[in-house]
Amino acid sequence: MRTVDLIQKKRDGGELTAEEISFLIQGYAEGRIPDYQIAAWSMAVFFQGMTARETAELTLAMARSGDQMDLGSIRGVKVDKHSTGGVGDTTTLILAPLVAAAGVPVAKMSGRGLGHTGGTIDKLESITGFQVEQNREDFIDLVNKHGVAVISQSGNITPADKQLYALRDVTATVNSIPLIASSVMSKKIASGADAIVLDVKIGSGAFMKTIEDAIRLAQAMVDIGTEVGRETVAVITGMEQPLGRAIGNALEIREAMDTLRGQGPADLTELCLLLGAHMLVLGQAALTVEEGYEELQRLIENGYALKKFKEFVAAQGGTPSFIDQPGLLPSAGHSFTVTAPASGFVHRLEAEEIGICAMMLGAGRETKQSAIDLGAGIVLLAKIGDVVEAGQPIAELHTSLTDSSVLERIRERLLAAVTIAPEPASAPPLIYAIVTKDGVKRV
Ligand code: URA
Ligand code: CA
């Protein structure tokens, strides 16, 4: 087999066989095929696309390129959840204990973040003593004993995807539906998920800008799941504004606890209940989404969800005293408020820009090496559709930065991401559609 022939075949719209895809991915991961040939092939895929079968083969080839977690010794259906990225997302911190409280085992490997805030792992490190590194045996024991564990992704999950993603990033080939779908699904499959719930975002900060493209991406991922025997459901959700109110690591831990107590922001609560309800159905802990939704509401109301969070934190070595005294969480040096420049209704709270402001305050990493200020970030005091008076605080900024000219620039950037106008505005839709193996249901 020659790489150049496979590039040409794809360039001319042909369909590659499983052996041909394996040859490319294995050859690339082992350093036998150079970047420039895989770059040319990625561009051919970008223009010609891939069939559902090719996309599934690519996914499996990448999943096979590194370690594959065998979660077979954990009882029950292991349901994983993945979000295509949002600002102030917070959902994993809530869903892991919530779904576990309903009896579905959660064995989750998560990442650190490069972006607006840290990833789930960075957020968990806001908790004193919490151990994100666990060996495989301890990980499985934790899940069998407590129903939940969240650990840092091992170094050698889907190395071929890591390599390919980095190459796509610099060759303008990130935005290809089969390449995104196989990249996401390869990681979930290698992590040992039996079933997968996906949160596919649309909006300013997301990969997909329109509902049609988001549905196509969701269908591609659901098709892969069906093809490889891991049932997959995708919920398409809006990212017009940050999810919930908190954007920052310790700030989101606090927001997750509020939500588990039933006192969280409405949008974040609703999304967690819906994603969680689908996880319960796939995990065979509920017969219908409605039944799952009600069960999760009950677990929040009767305190079991928060109790499971406490158990989860303690089991991984965290000191749970912050749960009753959130003041014990890391906090930034100081905080100040940004006020509404005019009276009216909030029309726009641009997610991507607000995320960047949180990062500039210290909540996220600009490069892999940067350190995170776990206490830094933003708490939004108003959301789209709210009525505000001029001079009323609309956001709280938490930071350890002290340079007043830098802080002024961040304040101005935040204000530029907000539009307040006299006409009434309504909150943007949160849920657009649900994609399953049986088809697309628009909400
Ligand atoms: N997220 C991924 O993991 N891979 C992609 O290709 C795009 C988003
Ligand atoms: Ca949030």
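Structure's up top.
The shown structure was predicted, so the numbers you read here are calculated from the model rather than taken from an experiment. (Residues numbered from 1 in each chain as written. Chains lettered and ligands numbered in written order. Predicted model: local features only at pLDDT ≥ 70, side-chain atom pairs only at ≥ 80, totals over all residues. Heavy atoms only, no water.)

Asker: For this particular structure, what's the right way to read the site of ligand 1?
Answerer: Surveying the vicinity of ligand 1 reveals the residues Tyr-165, Arg-168, Ile-180, Ser-183, Val-184, Lys-187 and Phe-207. Here Arg-168 contributes a side-chain N or O atom positioned 2.8 Å from an oxygen atom of ligand 1. In this structure, Lys-187 approaches ligand 1 through a side-chain N or O atom, which is 2.5 Å from an oxygen atom. In the complex, the protein chains occlude 90% of the 240 Å² of accessible area that ligand 1 would expose alone. Looking at the shell around ligand 1, the elements with two or more residues in it are α8 (159-169) and α9 (177-190). In terms of residue count, α9 provides more of the shell around ligand 1 than any other element does, four residues in total. Tallied by class, residues from the shell around ligand 1 come to four nonpolar, one polar and two charged. (Near = heavy atom within 4 Å. Polar contact = N/O pair within 3.5 Å; in protein donor to acceptor, adjacent residues only side chain to side chain. Areas by Shrake-Rupley, 256 points an atom, 1.4 Å probe, with all protein chains shown as cover. Helix = DSSP H or I, 4+ residues; strand = E, 2+ residues; numbered from the N terminus. Nonpolar A, V, L, I, M, F, W, Y, C, P; charged D, E, K, R; others polar.)

Asker: How do you make sense of empty space enclosed by the protein when you look at a structure like this?
Answerer: In this approach a probe as big as a water molecule rolls over the atoms, and the regions it shows empty are the leftover space. Taken as a whole and assessed by the stated rule, the structure comprises three cavities of 30 Å³ or more. Counted as a void, the largest cavity has a volume near 60 Å³. Those elements that provide at least two residues to the lining of the largest cavity are β1 (79-83), α5 (91-101) and β2 (106-110). When its residues are assigned to classes, the lining of the largest cavity shows six nonpolar, one polar and three charged. (1 Å grid on protein atoms, 1.4 Å probe; cavity = no way out; pocket = protein on both sides within 12 Å on 5 of 7 lines; lining within 4 Å. Points joined across faces, edges and corners; volume = space filled by probe spheres on them.)

Asker: Just checking my understanding: could you explain the environment of Ala-160 for this structure?
Answerer: Inspection of the secondary structure puts Ala-160 in helix α8. As a C-alpha pair, Ala-160 and Ala-63 span 97 residues in sequence and 8.2 Å in three-dimensional space. Residue contacts for Ala-160: discarding those within four places in its chain leaves Ile-25, Ala-29, Met-62 and Ser-65. (Contact = heavy atoms within 4.5 Å.)

Asker: It is not clear to me how the packing of aromatic side chains should be interpreted in this structure. Could you clarify?
Answerer: Any aromatic ring pair is given by two values, namely how distant the centres are and how the planes are angled relative to each other. Overall, the coordinates contain four aromatic pairs when judged by the stated rule. Plain terms: the ring middles of Phe-46 and Phe-47 are 5.3 Å apart, the flat faces sit at 80 degrees to each other, and that makes the pair edge-to-face. The interplanar angle of 85 degrees and the centroid separation of 6.3 Å between the aromatic rings of Phe-309 and Phe-322 together place this pair among those described as edge-to-face. Here Phe-309, found in helix α14 (residues 304-315), pairs with Phe-322, found in the loop between α14 and β7 (334-339); they are 13 residues apart in sequence, far enough to count as distant. (Phe/Tyr/Trp six-rings, centres within 6.5 Å; stacked < 30°, edge-to-face > 60°.)

Asker: Would you explain the nonpolar core in this entry?
Answerer: A general tendency of soluble globular proteins is for nonpolar side chains to be buried together. Grouped together as the largest cluster of nonpolar side chains are 82 residues, with contacts concentrated most on Leu-124, Phe-309, Phe-322 and Ile-378. The greatest single-element share of this core, amounting to 10 residues, is contributed by helix α12 (residues 266-282). Setting aside residues no more than four positions away along its own chain, Phe-309 makes contact with Leu-93, Pro-97, Met-257, Leu-260, Phe-322 and Ile-323. Formed by 24 residues, the second largest nonpolar core is a distinct cluster that contains Ile-180, Leu-198, Val-200 and Ile-224. (Core = buried A, V, L, I, M, F, W, Y, C linked by side-chain atoms within 4.5 Å. Buried < 20%, exposed > 50% of the residue type's maximum accessible area, 1.4 Å probe, protein only.)

Asker: Looking at this structure, I do not really get the side chain of Thr-173. What am I missing?
Answerer: If you trace the backbone, Thr-173 turns up in the loop between α8 and α9. Within the structure, the side chain of Thr-173 is placed 2.9 Å from the side chain of Thr-171, a separation counted as a polar contact. Beyond its immediate chain neighbours, meaning those up to four positions away, Thr-173 contacts Ser-42, Met-43, Phe-46, Arg-168 and Leu-179.

Asker: I keep staring at the layout of surface pockets and nothing clicks. Help me out?
Answerer: Of the voids in this model, the second largest pocket is the one considered here, and its volume is about 260 Å³. Together, 19 residues line the second largest pocket, and Ala-250, Leu-251, Arg-254, Glu-255 and Val-379 are the ones closest to its centre. For the lining of the second largest pocket, the secondary-structure elements that each account for two or more residues are α11 (249-260) and β11 (393-399). Ranked by residues supplied to the lining of the second largest pocket, first place goes to α11 with five residues.

Asker: Got a minute to help me understand the side chain of Asp-161 in this structure?
Answerer: Mapping Asp-161 onto the fold places it in helix α8. When near neighbours in sequence (up to four residues on either side) are disregarded, Asp-161 contacts Met-62, Ser-183, Ser-186 and Lys-187.

Asker: Explanation requested: unusual backbone geometry in the structure shown.
Answerer: Of all residues except glycine, most have a negative phi; of all peptide bonds, most are trans. The phi dihedral of Thr-158 falls on the positive side, at around 40 degrees, and the residue is not glycine. Structurally, the position occupied by Thr-158 is in the loop between β3 (148-152) and α8. Given a relative accessible area of 2%, Thr-158 falls into the buried group. Phi is positive for Ala-172, close to 55 degrees, though the residue is something other than glycine. Mapped onto the elements of the fold, Ala-172 is located in the loop between α8 and α9. For Ala-172, a relative accessible area of 59% corresponds to the exposed category.

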